[in-house]
Amino acid sequence: MSAIILKIVLCSSIFIAVYYLFLEKERIYRFNRVYLLSSLLLSYTIPFVTITLPSQDTATTPQLIIEETAQQLVFIQQEQESFDWTNVVWGVYILITLFLLLKSLFSILAVKRISGEKYRYQKHNVVVTKENLSPFSFWNTIYIGKSYMNNNAIDPRIFLHEKTHIEQKHSIDLLLLDVLKIFTWFNPVLFLYKKAVITNHEFLADEAVMENKYNIKEYQHLILEEILSQQNPPLTHSFSFNNTKKRFIMMNTKKSKFSLLRKTAGITVLISAAALFSERTYAGNSPQVLISERIAELPAKIAGQDPYQEFKDILAKYADLLKQEKYAEFSKKVTESDKKRLGELYPLLNKNQKNEQKITFFALPEMKKRIPTENEWKSFLNKKNYAVWIDSKKQKTAI
């Protein structure tokens, strides 16, 4: 899990760095919007992608695990820590996630609870409030204070700005970012993404106003006036957006000759990161085998009467599975407490008592991965003291 989280943070960091270095200052706002959203989704998808690469061998066979002694069941006995920090980490994660989820829901409810007169203005929903509310948009509605209405009309620049947010569905971008922030709040790059996405939305809305040949200086003066107004709820697009310096600069910036080159750089980074951070497997005609090279008995430090009887009493709970030799299923269903107790009791049994049991308990050291030769592979299948499992199912015939 930690490796996946690290890959997500690294991918999103690289993608947002490329945006700020090469794309933000270019007048390619629609491309930038696609880049920001696709790169964000890719950074959360790439760690789970598996790419199979061809090897020198042409045939492909499954990866197998071979364990010595067909009727032996392996229990890995580990020392228990006095305190389980995993539960604490999960507890903190759940608490913070619930807090952010409730905060987000309250923000949406706060917008929905804004009261005022509802109008249908130029085919768009408008809510006019009695409060001196600075114009903003959310989902498919424009919210505006009554003081901004002049003879039942809205300043065309303000209306066009907010209408652009609605028609281009910018609220979906913000809701997507909010969902990711709720469930992956541990990724600090999301804050940079949100800032970049909102700025890009404002560039797009300003561009729509400029395309209608409004005076740039008068429009900038209108923006400066709105900055003095009160801030609006989160998850909304406000006309009084305060990142004015970048907006004013971009209003007077012409399209660069290198925009195509910068687009290519952005796409190249996406493809390269997908290849670099995805999981890779290799195809071949020899199966990769995990072999237990040695066996070590567990130390037992217990005190009790008649360990053999207690041992048999515990196994009696799973008699049906053991009689049918469903050892893999038994390994899954045995409880942790029974597993631990069986591991403690087994070293106390004498040789005859151990021989009466079909199950042997031992610790498995670190597994070593290697590709066996063809002769080794055939010998594994031919010997009776070996067994092969695929997906927890014992194979009775050669593959």
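Everything numeric here is computed off the predicted structure, so don't read it as measured data. (Residues numbered from 1 in each chain as written. Predicted model: local features only at pLDDT ≥ 70, side-chain atom pairs only at ≥ 80, totals over all residues. Heavy atoms only, no water.)

A. Quick look at the overall build of the protein chain. Along its length, the protein chain carries 15 helices and 14 strands. Looking at the protein chain residue by residue over its 399 residues, the buried ones come to 40%. Partitioning the intrachain contacts of the protein chain with sequence separation of at least 6 by distance along the chain shows that 77% fall at a separation of at least 24. Carbon and sulfur atoms make up 57% of the accessible area of the protein chain, which amounts to about 24,400 Å² in all. (Helix = DSSP H or I, 4+ residues; strand = E, 2+ residues; numbered from the N terminus. Buried < 20%, exposed > 50% of the residue type's maximum accessible area, 1.4 Å probe, protein only. Contact = heavy atoms within 4.5 Å. Areas by Shrake-Rupley, 256 points an atom, 1.4 Å probe, with all protein chains shown as cover.)

B. Representation of a nonpolar patch on the surface within the structure. A cluster of nonpolar residues, Trp90, Ile94, Leu98, Leu101, Leu102, Leu105, Phe106 and Leu109, forms a patch on the protein surface that exposes about 760 Å² of accessible area. Residue position: Leu105 is located in helix α3 (residues 85-112). According to the relative accessible area criterion, Leu105 is partly exposed, its value standing at 43%. (Patch = residues over 30% accessible without salt bridge, like charges linked within 9 Å, V, L, I, M, F, W, Y side chains within 5 Å. Salt bridge = Lys/Arg side-chain N within 4 Å of Asp/Glu carboxyl O.)

C. Representation of empty space enclosed by the protein in the model. Under the definition given, this model contains 2 cavities of 30 Å³ or more. Approximately 60 Å³ is the volume attributed to the largest cavity. If you trace the largest cavity, you find it lined by Leu174, Leu177, Asp178, Lys181, Leu190, Phe191 and Lys194. With 4 residues, the top contributor of residues to the lining of the largest cavity is helix α5 (residues 170-183). Across the lining of the largest cavity, the residue classes break down as 4 nonpolar, no polar and 3 charged. As a volume, the second largest cavity reaches approximately 50 Å³. Residue lining of the second largest cavity: Arg27, Tyr29, Phe203, Asp206, Glu207, Met210, Arg247, Met250 and Met251, and that is the complete set. Elements supplying a minimum of two residues to the lining of the second largest cavity: α6 (189-210) and α8 (244-251). A total of 4 residues in the lining of the second largest cavity trace back to one element, the largest contributor, which is α6. In the lining of the second largest cavity, the residues fall into 5 nonpolar, no polar and 4 charged. (1 Å grid on protein atoms, 1.4 Å probe; cavity = no way out; pocket = protein on both sides within 12 Å on 5 of 7 lines; lining within 4 Å. Points joined across faces, edges and corners; volume = space filled by probe spheres on them. Nonpolar A, V, L, I, M, F, W, Y, C, P; charged D, E, K, R; others polar.)

D. A look at the nonpolar core. Formed by 24 residues in total, the largest nonpolar core has its most connected members in Phe15, Ile16, Tyr19, Tyr35, Leu36, Leu40 and Tyr193. Where this core is concerned, the elements lending two or more residues are α1 (2-23), α2 (29-45), α5, α6 and α9 (259-277). Among the elements that line this core, the one with the most residues is α1, at 7 residues. (Core = buried A, V, L, I, M, F, W, Y, C linked by side-chain atoms within 4.5 Å.)

E. Examining the side chain of Ser43 more closely. Here Ser43 is to be found in helix α2. Overall, the relative accessible area of 0% leaves Ser43 in the buried class. A distance of 2.6 Å separates a polar atom in the side chain of Ser43 from the backbone oxygen of Leu40. Once residues within four sequence positions are removed from consideration, Ser43 is found in contact with Ile8, Cys11, Ser12 and Phe15. (Polar contact = N/O pair within 3.5 Å; in protein donor to acceptor, adjacent residues only side chain to side chain.)

F. Layout of the packing of aromatic side chains. Within the structure shown, the criterion is met by 9 aromatic pairs. Seen from their ring centres, Tyr93 and Phe186 are 6.4 Å apart, and the 45° between their planes marks the pair as tilted. Placement of Tyr93 in helix α3 and of Phe186 in the loop between α5 and α6 is noted, with a sequence separation of 93 residues between them. Taken together through their ring pairs, the aromatic side chains of Trp90, Tyr93, Trp185 and Phe186 make up a single cluster. (Phe/Tyr/Trp six-rings, centres within 6.5 Å; stacked < 30°, edge-to-face > 60°.)

G. Expanded view of the pattern of salt bridges. Enumeration according to the criterion identifies 11 salt bridges in this entry. Glu24 is the partner of Lys246 in a salt bridge, and the nearest nitrogen-oxygen pair spans 2.7 Å. Within this pair, whereas Lys246 is found in helix α8, its partner Glu24 is found in the loop between α1 and α2, the two being separated by 222 residues in sequence. Note on Lys246: relative accessible area 28%, which makes it partly exposed.

H. Region of interest: unusual backbone geometry. Phi at Lys123 takes a positive value of approximately 65°, unusual for a residue other than glycine. Mapped onto the elements, Lys123 comes out in the loop between β3 (117-121) and β4 (124-129). With relative accessibility at 72%, the residue Lys123 sits in the exposed group. At Asn152, a position not held by glycine, the phi torsion is positive, near 60°. Tracing the sequence through the fold places Asn152 in the loop between β7 (149-150) and β8 (153-154).

I. Inspection of the pairing of strand β6 (residues 141-145) at higher detail. Extensive coverage of β6 is indicated by the burial of 5 of its 5 residues. Bridge count for β4 against β6 is 5 bridges, and the pairing is parallel. Note on β6: the bridge partner recorded for Thr129 is Gly145. Bridge count between strand β5 (residues 136-138) and β6: 3 bridges; the pairing is antiparallel. Residue pairing across strands places Phe138 opposite Thr141, the latter belonging to β6. Remark: 2 residues form the turn of the hairpin made by β5 and β6, two consecutive strands paired antiparallel; Trp139 in that turn has positive phi of roughly 60°. (Pairing = 2+ DSSP bridges.)

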